[in-house]
Amino acid sequence: VVSGVLSDWDDAQAVQILASCRRAGTSQVRVLVSELRLLGVDVNPFDPTAGSLRLETEIHNPDRTDAELERLAQRAGLRPVRWSAGARRVVLELAG
């Protein structure tokens, strides 16, 4: 389970993390990834500009799209098996 980790890293490092998870398992490895999903969500209804700036300074990539997460997984040798997306979080089940 990789929860709230990938958003802290740039793409190359996120791919390394996912690839390490793949290598640590068997040929039938499953990796669950849970990340923030902020696109289209007002992160701070009282001051959205300040809230967005705070997120951008504290979290390296808080706004990756679902497609971008899928590309990171593919670069790490994983394929998406199942998605579950809510307003604020996406969960991907990836297979090796």
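Scope of this entry: the structure provided in the associated data block. What you see as residue numbers is a count from 1 along each chain, following the sequence as written. With the structure being a predicted model, the display of local features is reserved for residues of pLDDT at least 70 and the display and counting of side-chain atom pairs for 80 or more, all residues being used for whole-chain, interface and lining totals. Water and hydrogen atoms were dropped before computing side-chain values, which therefore reflect all heavy atoms in the structure.

This part covers the overall build of the protein. Looking only at helices and strands, one finds three helices and four strands in the protein. In the protein, the succession of helices and strands from N to C terminus is β-α-β-α-α-β-β. In the protein, which comprises 96 residues, the share counted as buried stands at 31%. Contacts are assigned to residue pairs that have any heavy atoms within 4.5 Å of one another. When contacts within the protein are restricted to residue pairs at least 6 apart in sequence, those whose partners lie at least 24 apart make up 65%. Runs of H or I in DSSP of at least four residues are treated as helices and runs of E of at least two as strands, each being numbered from the N terminus. Throughout, exposure labels follow a simple rule: accessible area from a 1.4 Å probe, protein chains only, divided by the maximum for the residue type, with under 20% read as buried, over 50% as exposed, and the rest as partly exposed.

On to the pairing of strand 3 (residues 79-85). Regular strands place side chains that alternate from one sheet face to the opposite one. Between any two strands, at least two bridges found by DSSP are needed for them to pair. Note that strand 3 and strand 4 (residues 89-95) share six bridges and pair antiparallel. Along strand 4, the bridge assignment pairs Trp83 with Leu92. Joining the antiparallel neighbours strand 3 and strand 4 is a turn of three residues.

Where charged atoms from two side chains of opposite charge come close, those side chains can pair. When a carboxyl oxygen of Asp or Glu is within 4 Å of a side-chain nitrogen of Lys or Arg, the pair counts as a salt bridge. On inspection of all chains with the given rule, the structure shows three salt bridges. In this structure, Asp11 and Arg64 form a salt bridge, with 2.9 Å as the shortest nitrogen-oxygen distance. Here the residue Asp11 occupies a position in helix 1 (residues 11-24), and Arg64 occupies one in the loop between helix 2 (48-58) and helix 3 (66-75), the gap between them amounting to 53 residues. Given a relative accessible area of 37%, Asp11 falls into the partly exposed group. Judged by its relative accessible area of 9%, Arg64 is buried. A salt bridge links Arg82 to Glu93; the nearest nitrogen and oxygen atoms lie 3.3 Å apart. With Arg82 in strand 3 and Glu93 in strand 4, this pair connects stretches of sequence that are eleven residues apart. Glu93 sits in the buried class, given a relative accessible area of 15%. Overlapping salt bridges, with partners in common, bring together Arg30, Arg82 and Glu93 in one network.

The subject of this paragraph is the sheet that holds strand 4. As summarised here, the arrangement of the four strands in space is 1-2-4-3, forming an open sheet in which the pairing is mixed. Lying at the two open borders of the sheet, with one neighbouring strand each, are strand 1 (2-3) and strand 3. Two elements, strand 1 and strand 2 (residues 30-36), share two bridges in a ladder whose sense is parallel. Considered in strand 2, the bridge of Val2 is made with Val33.

Here we come to the side chain of Arg64. In this structure the side chain of Arg64 is engaged in a polar contact, spanning 2.9 Å, whose partner is the backbone oxygen of Leu6. For Arg64, the side chain forms a polar contact with the main-chain oxygen of Trp9, separated by 2.8 Å. We call two N or O atoms a polar contact when they sit within 3.5 Å, provided that within protein one can donate a hydrogen and the other can accept it, with sequence-adjacent residues counted only if both atoms are side-chain atoms.

Every helix has an expected span of 1.5 Å times one less than the residues it contains. With 14 residues, helix 1 extends 20 Å between its outermost C-alpha atoms, agreeing within 8% with the 20 Å of an ideal straight helix rising 1.5 Å per residue. All of the buried residues along helix 1 are Ala14, Val15, Leu18 and Ala19. Buried residues of helix 1 fall within an arc of 135 degrees about the axis and therefore sit on the same side. Away from its buried face by more than 90 degrees, helix 1 exposes Gln16, Arg23 and Ala24. Directions drawn from the helix axis to the C-beta atoms are what define this arc.

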